[in-house]
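# Residue-level structure breakdown
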Amino acid sequence: DLTLLEALAEILALALSNVELTQQAISDQLLQRDLAQAEEAQASLLPQPDKDGFAAGHVIPARQLSGDFFDHMRVGNRLAFCQGDVAGKGITASLMMARSIALFRRLARQEFSASEMADTINNEFLDVASDKFVTFAVGWLDCDTGDVSFVNCGHGAAIIVREGQEELDTIDSQTIPLGLAPYQKAELQEHEFNVTNAHMFLTTDGITEAEFRGREVGLSGLASLSRRLPGHSALEKVRGIIALFEQGKLSTHDDATILVITKPLTDTSLAPEGDHAT
């Protein structure tokens, strides 16, 4: 009887173990499905390249979900754009990213200025008392003139690469990130410049801290790479940089996001073949 009971106990123990493994496998599959759906939903929030070539961007997530984001949208003859980096990663950061984009789009449609958008979104984040903060850069491009008004709230420096010029225009952060403290009006003075025959690059750390041939790219390296890339449209510049990651020539261990803003060539006969549609 004891032998039979021991054999039965072993069978029951094995069965229970199999049940636990099966339940864990089901849970893992459900989790992977949920993450895949969240990843798909997050990707759907990012815009397609501007149809007239004024803006294009790309996010390379370090994990399935990223805290990096960018957005741009046309409002009349102007284009509103932004880029941000939520502190931390995972689902919480991705939710904060989605909220940032939703607020940006709502305010852009109401034609808030760059400084007004930054201030309003900051106040929204302070109202919910979250422990997250967001580095954020936001601006407007006049599609007719190429004039840009721009505010940088704790984000990485933006650079302007001008055709035929080696010297870079750099726009550093002018105040703390969103979600930490109220802004004073003087902190949000808008930078104004022109991107005709020039490219404005907004990036997160994953781009500037990426390694190229064993050395960190940095802002000057990014500008150098941009000058070597063929084409003039924002989309061509973005595709060229992302291709270096895909080919393994650039490597990074962090979320990598790039956004390019430019006033495309008005004389389309000077654009490379196939560039007119971008």
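To keep things clear, this report deals only with the structure shown in the data block. Note that the structure is a prediction, hence the values are computed from the model and not measured.

The rules we used
Numbering of residues begins from 1 in every chain and follows the order in which that chain's sequence is written. Whole-chain, interface and lining totals are the exception, using all residues; otherwise, since this is a predicted model, local features are given only for residues with pLDDT of at least 70 and side-chain atom pairs are given and counted only at 80 or more. Values reported for side chains reflect all heavy atoms of the structure, with hydrogen atoms and water molecules removed beforehand. Strands are runs of DSSP state E lasting at least two residues, helices are runs of H or I lasting at least four, and both sets are numbered from the N terminus onward. Accessibility here uses a 1.4 Å probe with only protein chains present; expressed as a share of the type maximum, an area under 20% marks a residue as buried, one over 50% as exposed, and anything in between as partly exposed. By this rule, a helix spans an expected 1.5 Å times one less than how many residues it contains. Two residues qualify as a contact provided that any one of their heavy atoms is within 4.5 Å of a heavy atom in the partner residue. What counts as a salt bridge is simple: a side-chain nitrogen of Lys or Arg found within 4 Å of a carboxyl oxygen of Asp or Glu. Among buried residues, those of type Ala, Val, Leu, Ile, Met, Phe, Trp, Tyr and Cys that are joined through side-chain atoms within 4.5 Å constitute a nonpolar core. The criterion for strand pairing is that DSSP finds at least two bridges linking the strands in question. As a rule, the C-alpha atoms of each element are fitted with a line to give its axis, helices using only the stretch in contact, and angles between N-to-C directions run from 0 to 180 degrees. A pair of aromatic rings is counted whenever rings of Phe, Tyr or Trp (Trp by its six-membered ring) have centres within 6.5 Å, and the orientation is called stacked for planes under 30 degrees apart, edge-to-face for over 60 and tilted otherwise.

## Concerning unusual backbone geometry
One non-glycine residue, Glu111, adopts positive backbone phi at about 60°. Relative to the helices and strands, Glu111 resides in the loop between α2 (90–109) and α3 (114–127). Within the chain, Asn197 stands out as a residue other than glycine whose phi angle is a positive 60°. Within the secondary structure, Asn197 sits in the loop between β8 (191–194) and β9 (198–203). Take Asn197: its relative accessible area is 43%, and that puts it in the partly exposed class.

## Brief notes about helix α6 (residues 234–246)
Between its terminal C-alpha atoms α6 stretches 18 Å, which fits the 18 Å expected from 13 residues at 1.5 Å a residue. Counting buried residues along α6, 11 of its 13 residues qualify, which places the element largely inside the surrounding structure. The complete set of buried residues in α6 reads Ala234, Leu235, Glu236, Lys237, Val238, Gly240, Ile241, Ile242, Ala243, Leu244 and Phe245. Packing partners of the buried residues in α6 comprise β1 (55–60), β9, α4 (205–208), α5 (218–228), β12 (250–251) and β13 (256–262). Two residues or fewer after α6 comes Gly248, characterised by a positive phi angle close to 85°.

## Let's talk about the pattern of salt bridges
A side chain with one charge may pair with a side chain of the opposite charge, provided their charged atoms come close. Taken as a whole, this structure holds eight salt bridges when the rule is applied. A salt bridge links Asp52 to Arg74; its shortest N-O distance comes to 3.1 Å. Here Asp52 is found in the loop between α1 (2–45) and β1, whereas its partner Arg74 is found in strand β2 (residues 68–75), with 22 residues between them in sequence. Since its relative accessible area comes to 34%, Asp52 is described here as partly exposed. Because the salt bridges share partners, they merge into one network encompassing Asp50, Lys51, Asp52 and Arg74.

## Re the nonpolar core
It is characteristic of soluble globular proteins that their nonpolar side chains tend to be buried jointly. With 50 residues, the main nonpolar core has Phe81, Val138, Phe150 and Met200 as its most contacted residues. Per-element accounting of this core gives the leading share, eight residues, to α2. Counting residues in each nonpolar core, the second largest holds 23 residues, with Val217, Leu222, Ala223 and Leu229 among its members.

## Regarding the sheet that holds strand β6 (residues 158–162)
In space, the five strands of this open sheet follow the order β1-β13-β9-β6-β7, with antiparallel pairing throughout. Of all strands in the sheet, those bounded by a partner on one side alone are β1 and β7 (169–171). Adjacent strand axes in the sheet meet at a mean angle of 15°, parallel and antiparallel pairs treated alike. Across four bridges, the pairing between β6 and β9 is antiparallel. Its bridge partner being in β9, Ile159 is matched across the sheet by Phe201. The strands touched by α5 within the sheet are β6, β7 and β9, with β6 carrying the most contacts at an inclination of about 35°. Strand contacts of α6: β1, β9 and β13, with the helix running at about 20° to β1, the strand carrying the most contacts.

## Some thoughts on the packing of aromatic side chains
Aromatic rings considered in pairs are described by the distance between their centres and by the relative angle of their planes. This model, assessed by the stated rule, comprises three aromatic pairs. Residues Phe81 and Phe150 carry aromatic rings whose centres are separated by 6.2 Å and whose planes lie at 15° to one another, so their mutual orientation is stacked. Taken together, the positions of Phe81 in strand β3 (residues 78–86) and Phe150 in strand β5 (residues 147–153) put the pair 69 residues apart, joining distant regions of the chain. For Phe150, a relative accessible area of 0% gives the class buried. Between the aromatic rings of Phe150 and Phe193, the centroid separation amounts to 6.3 Å while the plane-to-plane angle is 70°, which identifies the pairing as edge-to-face. In this pair, Phe150 is assigned in strand β5 and Phe193 in strand β8, connecting sequence segments 43 residues apart. Just as Phe150 is buried, Phe193 falls in that class too.

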